[in-house]
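Listed below are the residues making up each chain.
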Amino acid sequence: MGDHYIVGVAGVIASLSGLVFLYYNSLVRFRGLRKLQRPASMEFPKEKCVNKTENYEAGETIDVIIVGAGVVGAALAYSLGKDERRVRVIERDLNAPERMAGEGLMPGGYLKLIELGLEDCVDEIEAERMLGFVLQKDGKEAPIIFPLQKFESHVAGRTFRNGFFVQKFRNKAASLHNVSLEQGTVTSLIEENGTVKGVHYKDKSGRLLSAYAPLTVVCDGSFSNLRRSLCYPKVDIPSYYVGLVLTNCRLPNENYPTFILEEPGPILFYRISSTEIRCLVDVPSQNVPSVSNGEMAHYLRTQVAPKVPPELYTAFIAATEKKGNIRTAPIRIMAAAPRPTPGAFMIGDAFNMRHAITAGGMTVALSDVVLLRDLLRPLHDLSDASAVCEYLESFYTLRKPMSSTINILANVLQKVFRGPSDPAMKAMQQTCFGYLRLGGVFAHGLSAMLSGLCPHPLSLAFHFISLAIYGVGRLLLPFPTPKRLWNAAKFLWVASCALMPFIWSEGVRQTFLPLTVPAYY
């Protein structure tokens with residue numbers, strides 16, 4: 001009865017807040033559309049116009065250099081190549097990568113593949129359909145089902161082996177006559193008077209070579225060695241993922257990866273092929289057991305195995321005993337803090353990273369590729385580096401609906417479910433889990449944002465307000481007392497501490513008030 005009362009109050013207040021948010025959002029869209037209506041050519045103002053010219057340096061035959069041929073680099077190379085750009089891609093290793101990251105694609109990311117003409121990259125790699133998640137905590141379940149009813153049947157999330165997925169992208173890019181892929185390690189950017197002209201790199205044989213182009217796009221991943229030249233990096237490593245592969249078993253709910261939200265940390269199970277299931281265990285970065293001396297295997301068997309669902313327990317124990325099956329990888333968080341530089345641009349994990357708990361990184365990355373391709377399309381020539389750089393500053397605001405929604409949601413969830421075991425944080429965890437179990441508009445709205453189908457920061461704010469009302473209500477019922485009021489105050493403090501740093505890092509103005517940003521226009 002108490003929960004129904006809380007839901008009713010939360011629904012009324014949140015609905016009023018929602019009306020305000022929707023009114024503001026419609027106003028933003030109306031004003032934005034009026035001010036953004038331009039001729040199809042999207043010409044610059046005359047004093048900043050990029051004039052079409054063929055006056056390249058002697059021997060210049062490249063329009064764009066792309067550093068890195070992961071999902072982002074290869075997808076961008078293919079999309080620019082389809083637009084008749086001459087593209088040169090330099091990748092340090094063209095063999096299929098062996099990674100635990102990048103094995104999940106949300107439905108929103110799949111829609112971006114369709115926009116890029118790359119949806120067939122999930123074919124013939126044993127990709128498994130993902131229709132949602134199942135969260136488990138304290139013996140209870142909260143199903144998160146993606147709202148796919150309005151889409152065609154092939155639209156869904158996917159899970160797969162990252163290496164197979166990346167190679168499909170590379171093959172698509174290499175199939176274009178005006179795109180070249182070369183194995184080499186980029187060592188530095190070539191700069192002249194503050195403008196990037198190209199890159200220095202070493203080829204497979206170790207020779208030091210140079211390549212020149214009007215625009216260099218850096219997307220060399222989370223370990224980028226060029227990052228400091230193009231942004232203000234502040235990388236945080238809150239935890240590590242410990243990964244292992246399970247065989248001869250089935251998920252409790254096929255097509256629905258399982259999240260276990262228990263101490264000592266979140267555990268995730270999802271398919272990467274018809275016969276294999278990936279298990280990822282979140283371990284705090286302060287205390288990561290050693291894999292080489294067997295401490296990690298012991299940790300998994302004693303601390304993690306008791307939390308594993310019965311359907312997976314035997315396969316999990318067998319996986320911990322298999323030699324070479326346990327791997328670790330740091331989970332990196334880095335807010336986007338660009339340093340606009342004429343002649344160069346940075347996207348992908350080299351530019352912005354969020355916690356991997358929601359598997360939203362690929363969706364953000366592909367959304368960025370679509371946006372950058374669309375911004376570059378009307379520019380017939382890229383030789384005026386300063387004008388192009390100023391024009392592309394709009395990218396950082398236009399990407400915010402998708403990137404901020406997924407980034408904030410992922411980072412806040414990891415903060416809550418990875419947080420200390422004090423009563424206030426436990427109350428926050430129980431509130432989040434209980435909110436998702438309410439179903440209806442509450443779970444539907446969050447699943448739409450998690451899946452990348454509803455990338456609206458104002459919708460995220462609406463749900464955070466509803467969540468706060470629901471949490472305070474749970475603590476105050478059946479009747480407010482001084483102790484309950486104190487607990488409610490601590491709850492709000494913990495919630496704000498978990499939320500506000502990530503909102504500030506995303507930029508309140510760009511995220512919630514884009515009309516006040518000059519580059520928006």
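To keep things clear, this report deals only with the structure shown in the data block. (Residues numbered from 1 in each chain as written. Predicted model: local features only at pLDDT ≥ 70, side-chain atom pairs only at ≥ 80, totals over all residues. Heavy atoms only, no water.)

With that settled, the discussion passes to the overall build of the chain. Helix and strand counts for the chain stand at 16 helices and 17 strands. Relative to its full complement of 521 residues, the chain shows a buried share of 54%. (Helix = DSSP H or I, 4+ residues; strand = E, 2+ residues; numbered from the N terminus. Buried < 20%, exposed > 50% of the residue type's maximum accessible area, 1.4 Å probe, protein only.)

What follows is about the sheet that holds strand β2 (residues 87-91). Strand order across the open sheet formed by 7 strands is β10-β9-β8-β2-β1-β11-β17, with mixed pairing between neighbours. Strands with a single pairing partner mark the edges of an open sheet, and in this sheet they are β10 (208-212) and β17 (344-346). Averaged over all adjacent pairs, the angle separating strand axes in this sheet is 40°, with direction ignored. Relative to β2, strand β1 (residues 64-67) runs parallel, the two being bridged by 4 bridges. Residue Ile-65 lies in a different strand from β2, and its bridge partner there is Arg-88. (Pairing = 2+ DSSP bridges. Axes fitted to C-alpha atoms, helices over the stretch in contact; angles between N-to-C directions.)

Burial along strand β11 (residues 215-218) is two-sided: the residues Leu-215 and Val-217 and Thr-216 and Val-218 are all buried. With 4 bridges joining them, β1 and β11 adopt parallel strand pairing. Within β11, the residue paired with Ile-65 across the bridge is Thr-216. Bridging between β11 and β17 involves 3 bridges; their strand directions are parallel.

One can describe the packing of helix α2 (residues 71-82) onto helix α8 (residues 361-376) by two numbers: an axis separation of 10 Å at closest approach and a directional angle of 30°. Looking at the two axes, α2 sits roughly parallel to α8. Considering how the two elements wind past one another, α2 and α8 form a crossing that is right-handed. Facing Val-71, Val-72, Ala-75, Leu-76, Ser-79 and Leu-80 of α2, the residues of α8 in contact are Met-362, Ala-365, Leu-366, Val-369, Leu-372, Arg-373 and Leu-376. When its residues are assigned to classes, the contact of α2 with α8 shows 11 nonpolar, 1 polar and 1 charged. (Parallel < 35°, antiparallel > 145°, perpendicular 65-115°, else oblique. Left-handed = near helix turned anticlockwise from the far one by under 90°. Contact = heavy atoms within 4.5 Å. Nonpolar A, V, L, I, M, F, W, Y, C, P; charged D, E, K, R; others polar.)

Before going further, it helps to examine helix α11 (residues 400-417). Under the 1.5 Å per step criterion, the end-to-end length of α11 is 25 Å for 18 residues, consistent within 8% with the ideal 26 Å. With 16 of 18 residues buried, α11 is to be regarded as a mostly interior element. (Expected span 1.5 Å × (residues − 1).)

What follows covers the side chain of Asn-411. Relative to the elements of secondary structure, Asn-411 occurs in helix α11. A relative accessible area of 4% places Asn-411 in the buried class. At 2.9 Å, the side chain of Asn-411 forms a polar contact with the backbone nitrogen of His-355. (Polar contact = N/O pair within 3.5 Å; in protein donor to acceptor, adjacent residues only side chain to side chain.)

Taken across its 10 residues, helix α3 (residues 107-116) has 7 buried, putting it largely inside the fold. For α3, every residue scored as buried is listed here: Pro-107, Gly-108, Gly-109, Tyr-110, Lys-112, Leu-113 and Leu-116. Packed against the buried residues of α3 are α2, β3 (104-105), β7 (157-159), α4 (162-174), α8 and α11. Gly-117 sits one or two positions beyond α3 and adopts a positive phi of about 75°.

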